[in-house]
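The primary structure of each chain is shown beneath.
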Amino acid sequence: MAQLLFLGKLADLVGAGELSLPLPAEAMDTTALRKWLDTSRDLDGLLLEPTVRIAINNDIVQDPHPIQDADEIAFMPPVGGG
Amino acid sequence: MAQLLFLGKLADLVGAGELSLPLPAEAMDTTALRKWLDTSRDLDGLLLEPTVRIAINNDIVQDPHPIQDADEIAFMPPVGGG
Amino acid sequence: MISLTPSPFDAADTLRDFEAAINGAGAVVSFSGYVRTEANGEAVTGLHLQAYSPMTERGIETAAAEACKRWPLINTRIIHRTGDIAPGEAIVFVATASAHRRAAFEAADYLMDYLKTKAVFWKKELTPNGDYWIEPRAGDYKDSARWD
Amino acid sequence: MISLTPSPFDAADTLRDFEAAINGAGAVVSFSGYVRTEANGEAVTGLHLQAYSPMTERGIETAAAEACKRWPLINTRIIHRTGDIAPGEAIVFVATASAHRRAAFEAADYLMDYLKTKAVFWKKELTPNGDYWIEPRAGDYKDSARWD
């Protein structure tokens, strides 16, 4: 099972802050995962936006990056505190 | 009697922070006063330096500016706090 | 020192503690950021700040280390709230200490630009008409680009 | 509010009082300047600050009014010590409050440049080897010229 996190506004837009799921065979890198999730949850391109970065186990990665079950995979929209 | 104030380092260099004295007839403007004081107190040009500004009754003036007995005349070297 | 905290903190108390650890510095600059009571003419009932630990802390530590490389700092202090924050409460506090003021000013400015545009937080403004996720403004990105 | 004081003051207390009067501002910047414990590798036993009232106060008031013209400030606070000041004690405190941080940072920076190079003070550094009147450094004048 991979742990998917949807941070910030993505939690509202995806409809969940966290999802635990087994990665399907066609989504074993970050680019493929974006497409698969976006299509299967009918998100109209939300997760394909380049402003949405992906972190694997707390490190930001560049697409396409290999992923595996047991990874924590975070989808991060633009950040900013203060 | 005019009240002369020597501020900052000028008090040490002139040897007095304050002097009360009647203005002599030859020193009735700021330019003349600088020269007269500098000469009579043997200050070697100290009071002629353009970085030394003069304030009359708490207002900075440009040389030559008329002065009179009863004025408070301050000699101000370069300022800076903080 | 860097802290994330879900509880209110007092900027003046933090400045006092910081001043006790500046080791003869001549200059201390502090920045405190507060939840405004209104934004764009609309009342604000609060702010929600989400962090992603430990990435958030690690990023701030890296930014503070970079500030210490760029300027001769004697000390730095950063506190950032997380969770729900009420109007008027402090969201963020940054303090810098150095021998001379320019380093302290610039480093505090730099750290705030980092926190505003690059620190790993997401921010939701709560208003009577609904809640809105807010992202850095164009001016924030422009400020931040001054240091590139 | 502007004060000259011959007595020690506490920067953190002053920040606390200031924060009580910022009326929903989003950003507060403070600067505290301290007597360093050494300068140019030599011990400093104190600083003596001479003012010339009311010219000193009037000049600072004019600078604060100019800052309020240049930036949208909600409030400002300036305290400056006079007389003899011990190492580690605060000489000067400046705080600015505004809706956004850039105005608060720039106005505090501007006011400090005014205080360092144009405010009507004379400053003597007391050391074990003698007392030295000190004038602004070239860098201070350069900083100050940024605003002309």
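Scope of this entry: the structure provided in the associated data block. Fair warning: this is a prediction, and the values are worked out from it, not measured in the lab. (Residues numbered from 1 in each chain as written. Chains lettered and ligands numbered in written order. Predicted model: local features only at pLDDT ≥ 70, side-chain atom pairs only at ≥ 80, totals over all residues. Heavy atoms only, no water.)

### Focus on the overall build of chain A
Helix and strand counts for chain A stand at two helices and five strands. Going residue by residue from the N terminus, the α and β elements of chain A occur as β-α-β-α-β-β-β. For 82 residues, the compact-globule estimate of 2.2 N^0.38 gives 12 Å, and the C-alpha radius of gyration of chain A, at 12 Å, lies within 12% of that figure. For chain A, the spread of C-alpha atoms along the principal axes amounts to about 40 × 25 × 20 Å. (Helix = DSSP H or I, 4+ residues; strand = E, 2+ residues; numbered from the N terminus. Rg over C-alpha atoms; globule rule 2.2 N^0.38 Å.)

### With respect to the sheet that holds strand E3 (residues 53-56) of chain B
All names here are of chain B. Read across the open sheet, the five strands follow the order E2-E1-E5-E3-E4; overall the sheet is mixed. In the strand order of this sheet, the two ends are held by strand E2 (18-21) and strand E4 (59-61), each with one partner. With strand direction ignored, the average angle separating the axes of adjacent strands in the sheet is 25°. Strand direction decides the pairing type here: E3 and E4, joined by three bridges, are antiparallel. Each residue of the ladder has a partner; that of Ile54, found in E4, is Val61. (Pairing = 2+ DSSP bridges. Axes fitted to C-alpha atoms, helices over the stretch in contact; angles between N-to-C directions.)

### Describing the relation of the copies chain C and chain D
The two chain copies are related to each other by a rotation about an axis together with a translation along it. Here chain C sits on chain D after a turn of 180° about the axis and a move of 0.0 Å along it, with an RMSD of 0.0 Å. Taken together, the turn and the small shift mark the pair as related by a two-fold rotation axis. (Least-squares fit on C-alpha atoms with pLDDT ≥ 70 in both.)

### Overview of the nonpolar core
Generally speaking, soluble globular proteins have nonpolar side chains that are buried together. Within the largest apolar cluster, 64 residues are counted, with the highest numbers of intra-cluster contacts made by Leu115 of chain C together with Val94 and Leu115 of chain D. Sequence-distant contacts of Leu115 of chain C, that is, excluding residues within four places in its chain, are made with Gly80, Gly81 and Gly82 of chain A together with Ile60, Ile78, His80, Val92 and Val94 of chain C. Of all hydrophobic cores here, the second largest spans 26 residues; its members include Val28, Ala90 and Ala95 of chain C together with Ala25 of chain D. (Core = buried A, V, L, I, M, F, W, Y, C linked by side-chain atoms within 4.5 Å. Buried < 20%, exposed > 50% of the residue type's maximum accessible area, 1.4 Å probe, protein only. Contact = heavy atoms within 4.5 Å.)

### Some remarks on the interface of chain B and chain D
Every contact between the two is made by 18 residues of chain B and, on the other side, 24 residues of chain D. On the chain B side of the contact with chain D, Asn58, Val79 and Gly82 of chain B bury the most area, a combined 38% of that side's loss. Counting across the interface, chain B meets chain D through three salt bridges. Residues Arg58 of chain D and Asp59 of chain B are paired through a salt bridge, measuring 3.1 Å at the closest nitrogen-oxygen approach. For the pair chain B and chain D, the number of links is 17 residue pairs in polar contact (both at pLDDT 80 or more). Going through the elements one at a time, helix H1 (9-14), E4 and strand E5 (72-76) of chain B are the ones with two or more residues in the side of chain B that touches chain D. Broken down by element, the side of chain B that touches chain D gets its largest block of residues, three residues, from E5 of chain B. Taken together, the residues of the side of chain B that touches chain D sort by class into nine nonpolar, five polar and four charged. (Buried area = accessible area lost by both parts, 1.4 Å probe. Salt bridge = Lys/Arg side-chain N within 4 Å of Asp/Glu carboxyl O. Polar contact = N/O pair within 3.5 Å; in protein donor to acceptor, adjacent residues only side chain to side chain. Nonpolar A, V, L, I, M, F, W, Y, C, P; charged D, E, K, R; others polar.)

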